[in-house]
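Each chain, letter by letter, is given below.
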Amino acid sequence: MVEVDEALAARVIELRRAIHRRPELGFEEHETAAIVERELDELQIEHRRLARTGVAGVIRGEQPGHVCALRADMDALPIGERTGLPFASEIAGKMHACGHDAHTAMLLGAARLLAAMRPQLAGTVVLIFQPAEEGPGGAQPMIDEGVLDTPKVEAIAMLHVDPRLDVGTVGITPGPVNASTDEFYLTVRGKGGHGAYPHTAVDAIPASAAIVLALQNIAARETDPLESVVVTVGTIRGGYRNNVIADEVDLSGTLRAHDLKVRDAIERRLRRIVDGIASAYNVQTELQIVHGYPPVVNDPQLAERFAEYLREHSRMAVARPAPTMGGEDFAYFAQRVPGVHARLGVRSEAAGAIHPGHSAHFRIDEAALRVGVETLVLFATGVGNGEIGL
Ligand code: NI
């Protein structure tokens, strides 16, 4: 059992609210990183800066054991907060609407507990406070700067607040839990003209419409129905007025998958469809695909053992929520070492915590914070002493 006492729970809430008031976007997390460093200094935890605004701390237990890492993201979103909470964002147009304030505060709470356990703590715990999860991505630069190398991390875990799960619940699902997040940008070019004389022009609009419809076949007709795929066209812009043939249309969209082979197949099919329809409609096309984060795949064995360990050593409910098609750059950590992306239930009607992440009304039930601290500490102690075997 891990005991998160009242004083620690109150400290975590205080830290979370302080961070919530001062939301900072990716790679601008200067105040947040300063809070993290101040707290780690107070706990006499060695730390260093990586990836500009990222911070990594190391807690060395005095007993022999394994090395694990715990990761929290620190960045906020460009959203104007509308919760009306007394500790709401003081910065116009920026908000912690994805709970990264809670992630950072919980990891600091876990650091406090683990630091106090040093004499009996087996192994080493690396604390990763990561910038820019919402983009352009802080995980890869931290890995490039060696955050998993010194000391050599053997397993990693993270928590993300989840308004689908009730407070008191932690969700751990083996295998894929988040999707790849690739983007595409397509320009369709024809030849402009008078709307009354279509035969003298090449209309970019029907060609674009045909492309949008044909793309639906990737998920509907070309992918195994048991695989997860999203092809969304999010924007379409073109034309001038009712009686003018449009010479150019711009489209953009997102491509998502849980499996790397499926991800590659989507890209090939997209190119084939665009080329084929361009030829049929006599238009020129320019297609750009921008690769985003890979899918997050939880190590199946580590996930199962972590879930079992939580059931044995805590009173929390351990669920197995369905994977989502959202993205997370924790994927890069989990590609390098066995990793688990765990979900922390923050839903409660009483606390008004019913809105989805990225909503201007997003809130969490702060009672979840102590469950989160407990979860992180149990991962670290369980991996350290070998009970959550690797
Ligand atoms: Ni998030």
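Chemist: Any details on the nonpolar core? Residues and values, ideally.
Modeler: Membership of the largest hydrophobic core comes to 71 residues, with the highest contact counts inside it found for Leu-70, Leu-127, Phe-129 and Phe-379. Not counting residues within four places of it along the chain, the set of residues in contact with Phe-379 comprises Cys-68, Ala-69, Leu-70, Ala-155, Ile-156, Ala-157, Leu-302, Phe-306 and Ile-388.

Chemist: Let's hear about helix α9 (residues 368–384): which residues, and what values?
Modeler: Taking 1.5 Å per residue as the helical rise, α9 with its 17 residues ought to reach 24 Å, and the 24 Å between its terminal C-alpha atoms agrees with that figure. In terms of burial, α9 is a largely internal element, 16 of the 17 residues being buried. Positive backbone phi, approximately 90°, marks Gly-386, located one or two places after α9.

Chemist: An account of the domain arrangement of the protein is needed here, citing residue identities and associated values.
Modeler: Domain assignment breaks the protein into domain 1 (6–178 + 295–384) and domain 2 (182–290). Summarising the inter-unit geometry, the C-alpha centres of domain 1 and domain 2 are found 39 Å apart. Taken residue by residue, the interface counts nine residues in domain 1 and eight residues in domain 2. Of the roughly 610 Å² buried between domain 1 and domain 2 on both sides combined, carbon and sulfur atoms contribute 69%. By the criterion of area lost to domain 2, the three top residues of domain 1 are Pro-176, Pro-295 and Met-325, representing 77% of everything that side buries. On inspection of domain 1 and its partner domain 2, the count reaches zero salt bridges. Viewed at the interface, domain 2 and domain 1 are joined by two residue pairs in polar contact (both at pLDDT 80 or more).

Chemist: Talk me through the environment of Gly-384; I want residue IDs and the actual numbers.
Modeler: Positionally, Gly-384 belongs in helix α9. Considered as a pair, Gly-384 and Thr-124 are 260 residues apart in the sequence and their alpha carbons are 6.8 Å apart. The contact partners of Gly-384, leaving out residues within four places of it in the chain, are Gly-65, His-66 and Ala-122.

Chemist: How would you summarise the pattern of salt bridges if you had to cite specific residues and measurements?
Modeler: Under the counting rule described, the total for this entry stands at 28 salt bridges. Close ionic contact of Glu-90 with Arg-21 constitutes a salt bridge, the shortest N to O distance being 3.8 Å. Of this pair, Glu-90 sits in the loop between β3 (63–73) and α3 (100–116) while Arg-21 is found in helix α1 (residues 6–21), placing the two residues 69 residues apart along the sequence. Close ionic contact of Arg-164 with Asp-162 constitutes a salt bridge, the shortest N to O distance being 2.9 Å. A relative accessible area of 44% means that Arg-164 is categorised as partly exposed. For Asp-162, a relative accessible area of 4% gives the class buried.

Cut-offs used in this document
- Residues numbered from 1 in each chain as written.
- Predicted model: local features only at pLDDT ≥ 70, side-chain atom pairs only at ≥ 80, totals over all residues.
- Heavy atoms only, no water.
- Core = buried A, V, L, I, M, F, W, Y, C linked by side-chain atoms within 4.5 Å.
- Buried < 20%, exposed > 50% of the residue type's maximum accessible area, 1.4 Å probe, protein only.
- Contact = heavy atoms within 4.5 Å.
- Helix = DSSP H or I, 4+ residues; strand = E, 2+ residues; numbered from the N terminus.
- Expected span 1.5 Å × (residues − 1).
- Domains from an automatic or database assignment.
- Buried area = accessible area lost by both parts, 1.4 Å probe.
- Salt bridge = Lys/Arg side-chain N within 4 Å of Asp/Glu carboxyl O.
- Polar contact = N/O pair within 3.5 Å; in protein donor to acceptor, adjacent residues only side chain to side chain.

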